Amino acid sequence: MISVDEAHALVLALAGPVKTEEIAVEDALGRAMAAPAVARLTQPPFDASAMDGYALRSDDLPGPLPVVGTAAAGVPYAGTVPEGAAVRIFTGAPVPAGCDRVVIQEIVTRDGDTIRVAEVGDNRNIRAQGNDFAQGSEFQPARALRASDLGLIAAMNVARITVARRPRVAILAGGDELVRPGETPAAGQIISSNDIAIAALAREAGAEPLVLELARDTEDSLRARFAEAGGCDLIVTIGGASVGDHDLIAKVSADLGMERSFYKLAMRPGKPLMAGRIGTAAMLGLPGNPVSAVVCAKLFMQPLIRAMQRLPPGPELASGLLTRDLPPEGDRQHYLRARLVPGAGLPGIDPFGDQDSARLWILAEADALLLRPAGDPARRAGEMMHYLPL
Ligand SMILES: Nc1nc2c(c(=O)[nH]1)N[C@H]1C(S)=C(S)[C@@H](COP(=O)(O)OP(=O)(O)OC[C@H]3O[C@@H](n4cnc5c(N)ncnc54)[C@H](O)[C@@H]3O)O[C@H]1N2
Ligand code: MOO
């Protein structure tokens, strides 16, 4: 069995060339830029007042000075301000020619059209032309776009940008025991929950998920579902990955020409994970136990989806201090559901006693997956450990 790190590298290698599209900047939250946005103007385009007050020459202070006009945002003062005079000015207005300072109105005494200025400080309250960015500046952060990035791109007067297309991810859950939420399960049946969680995790990583109809435990049914996934960038199957008589994913995908990167890894939960390529799509076969499916999706599916968009794949680990002693670990890398508790510096990390990979409720109460490498020795409370935030 290969290690988690080897499996991670093999999964990332399944990301093909990035596919791009052009979209409006207002639709780009969370998207990955595939080409830089180039500023079409300089910002600010002129020396701008940072305050409401009076524009004047420093040499003329402290006055008295006559107020000879007004400059407002969008309505500049035309012409040059004569020596020994001031202009009423508002935040965002172009600073009139001849002035080198804006004094805030709070330190000005105005009597009719004459002002006097008290105790001027060092701050000239002028935002120099181009102090934010210059025309021609290129912006392409190596992360998903944030709300403030959209504001910046818009301020650059760029209305449309080139981004990585959302990877299309087909989600194929199957098993004769499964019915949809809201239906009435017959004896021996349960609700299909994994596909809902995995689709949400795919969306969280930037994908456009397509949840296929539930497959039955027959080769024909699975083949039909695979056919419906045509055109997708990634096919994620859930369940049927293990060794039981009804675990048909390995056989059917192999019959359909899947080139396998690996099957099974030294990890707990999630040992029966499968990965490879089928036609033009990447394929991940997640184990059916609900917690195993989610853990595998966070560790492998989300990084692959991010890599397909050329985003940093992750997952990013954090550090915490163990709250209790733990026995030595076995030969598989273990991800334990755990709670985080506030600490003076690093948070405390407190693993649950029950680590059953079918218990979604405990997963919901967990804040983190505590990472224990294969062969990790016994650990004492207070030791620093790595974890994956949930
Ligand atoms: N003899 C062995 N048995 C098992 C082994 C093994 O090594 N030897 N591995 C165990 C491990 S570890 C896991 S994980 C599971 C993985 O099994 P499969 O991927 O084949 O999954 P299924 O058997 O189809 O289902 C397992 C479990 O999960 C439930 N399930 C499946 N799909 C869904 C869904 N969409 N929503 C909710 N729940 C789902 C299913 O009903 C089963 O209870 O195998 C162990 N066995
Ligand atoms: O590894 Mo299974 O994924 O333990 O539950």
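The shown structure was predicted, so the numbers you read here are calculated from the model rather than taken from an experiment. Sequence order as written defines the numbering, with residues in each chain counted from 1. Numbering of ligands from 1 and lettering of chains from A proceed in the order in which they are written. A pLDDT threshold of at least 70 governs which residues receive local features in this predicted model, and a stricter bar of 80 or more applies before side-chain atom pairs are shown or counted, although totals over entire chains, interfaces and linings include all residues. With hydrogens and water excluded, all non-hydrogen atoms of the structure serve as input to the side-chain values.

Trainee: Would you take a moment to explain the environment of alanine 72 for this structure?
Mentor: Numbering of helices and strands runs from the N terminus; a helix is a DSSP stretch of H or I covering at least four residues, while a strand is a stretch of E covering at least two. Mapped onto the elements of the fold, alanine 72 is located in the loop between strand 5 (65–71) and strand 6 (86–89). Taking the C-alpha atoms as reference, alanine 72 lies 20 Å from asparagine 123; in sequence the two are 51 residues apart.

Trainee: It is not clear to me how the UniProt feature "domain: MoaB/Mog" (unreviewed entry) in the protein should be interpreted in this structure. Could you clarify?
Mentor: The sites that UniProt annotates as "domain: MoaB/Mog" (unreviewed entry) are residues 170–307. The annotated region residues 170–307 carries 33% helix and 25% strand content, and the separation between its end C-alpha atoms amounts to 17 Å. UniProt positions are given in the numbering used here, feature names are shortened, and annotations may be inferred rather than shown by experiment.

Trainee: How should the pattern of salt bridges be read in this particular structure?
Mentor: Between side chains of opposite charge, a pair can form when the charged atoms approach closely. Every case where a carboxyl oxygen of Asp or Glu lies within 4 Å of a side-chain nitrogen of Lys or Arg is listed as a salt bridge. According to the stated counting rule, one finds 25 salt bridges in the structure shown. Close ionic contact of aspartate 233 with lysine 19 constitutes a salt bridge, the shortest N to O distance being 2.6 Å. Taken together, the positions of aspartate 233 in the loop between helix 4 (219–228) and strand 17 (234–238) and lysine 19 in the loop between helix 1 (4–12) and strand 1 (20–24) put the pair 214 residues apart, joining distant regions of the chain. Categorising residues by exposure relies on relative accessible area from a 1.4 Å probe, with only protein chains included: less than 20% of the type maximum marks a residue as buried, more than 50% marks it as exposed, and the intermediate range marks it as partly exposed. A relative accessible area of 9% means that aspartate 233 is categorised as buried. One connected set of salt bridges, linked through shared partners, spans Arg268, Glu329, Arg372, Asp376, Arg379 and Glu383.

Trainee: How do you make sense of the sheet that holds strand 20 (residues 274–278) when you look at a structure like this?
Mentor: In any sheet, the strands associate via hydrogen bonds between backbone groups, in a parallel or an antiparallel arrangement. Here 6 strands make up an open sheet; going across it, the order is 16-13-17-21-20-18 and the pairing mixed. Taken across any chain shown, the strands that pair with only one partner, and hence form the sheet edges, are strand 16 (208–211) and strand 18 (259–263). Across the sheet, the axes of successive neighbouring strands diverge by a mean angle of 20°, strand direction being ignored. A contact between two residues is defined here by any heavy atoms of the two lying within 4.5 Å. Axis lines are fitted through C-alpha atoms, for helices just across the contact stretch, and the angle between N-to-C directions can take any value from 0 to 180 degrees. Across the sheet, helix 4 lies against strand 13 (168–173), strand 16, strand 17, strand 20 and strand 21 (281–286), angled at about 165° from strand 13, the strand it touches most. Of the strands in this sheet, strand 13, strand 17 and strand 21 touch helix 6 (residues 290–308), which is tilted by about 170° from strand 21. Pairing between two strands is assigned when DSSP locates at least 2 bridges connecting them.

Trainee: Can you help me understand the site of ligand 2 in this one?
Mentor: Any residue with a heavy atom positioned within 4 Å of a molecule or strand is treated as near that molecule or strand. Residues in contact with ligand 2, as listed here, are Pro269, Gly270, Lys271, Pro272, Asn289, Ser292, Arg332 and Ser357. In the analysis that follows, any N or O atom pair within 3.5 Å is treated as a polar contact, provided that within protein one partner can donate a hydrogen and the other can accept it, and provided that, for residues neighboring in sequence, both atoms belong to side chains. A distance of 3.1 Å separates an oxygen atom of ligand 2 from a polar backbone atom of lysine 271. Taking asparagine 289, its side chain carries an N or O atom lying 3.2 Å from an oxygen atom of ligand 2. Just so you know the grouping, Ala, Val, Leu, Ile, Met, Phe, Trp, Tyr, Cys and Pro go in nonpolar, Asp, Glu, Lys and Arg go in charged, and all remaining residues, Gly too, go in polar. Residue classes in the shell around ligand 2 are distributed as 2 nonpolar, 4 polar and 2 charged.

Trainee: Mind showing me how you'd approach helix 2 (residues 147–155) here?
Mentor: Note on helix geometry: an α-helix contains 3.6 residues per turn, so any two residues three or four positions apart are oriented the same way. Among all positions of helix 2, only Asp149, Leu150 and Ile153 are buried. Mapping the buried residues of helix 2 onto a view down its axis gives an arc of 100°, with all of them on the same face. Of the residues in helix 2, the exposed ones pointing more than 90 degrees away from the buried face are Ala147 and Ser148. Where helix 2 is buried, its residues meet strand 2 (37–38), strand 11 (138–139) and strand 12 (160–164). Here the arc refers to the set of directions running from the helix axis out to each C-beta atom.

Trainee: I keep staring at unusual backbone geometry and nothing clicks. Help me out?
Mentor: Outside of glycine, negative phi angles account for most residues, and trans bonds account for most peptide bonds. In this chain, leucine 61 is followed by proline 62 through a cis amide linkage whose omega measures 5°. Relative to the assigned elements, proline 62 resides in the loop between strand 4 (53–56) and strand 5. Going from arginine 268 to proline 269, the amide bond is cis rather than trans, its omega being -5°. As for its placement among the helices and strands, proline 269 is situated in the loop between strand 19 (267–268) and strand 20. In this model, glutamate 119 sits at a positive phi of 25°, which is unusual for a non-glycine residue. Exposure remark for glutamate 119: the relative accessible area of 69% places this residue in the exposed category.

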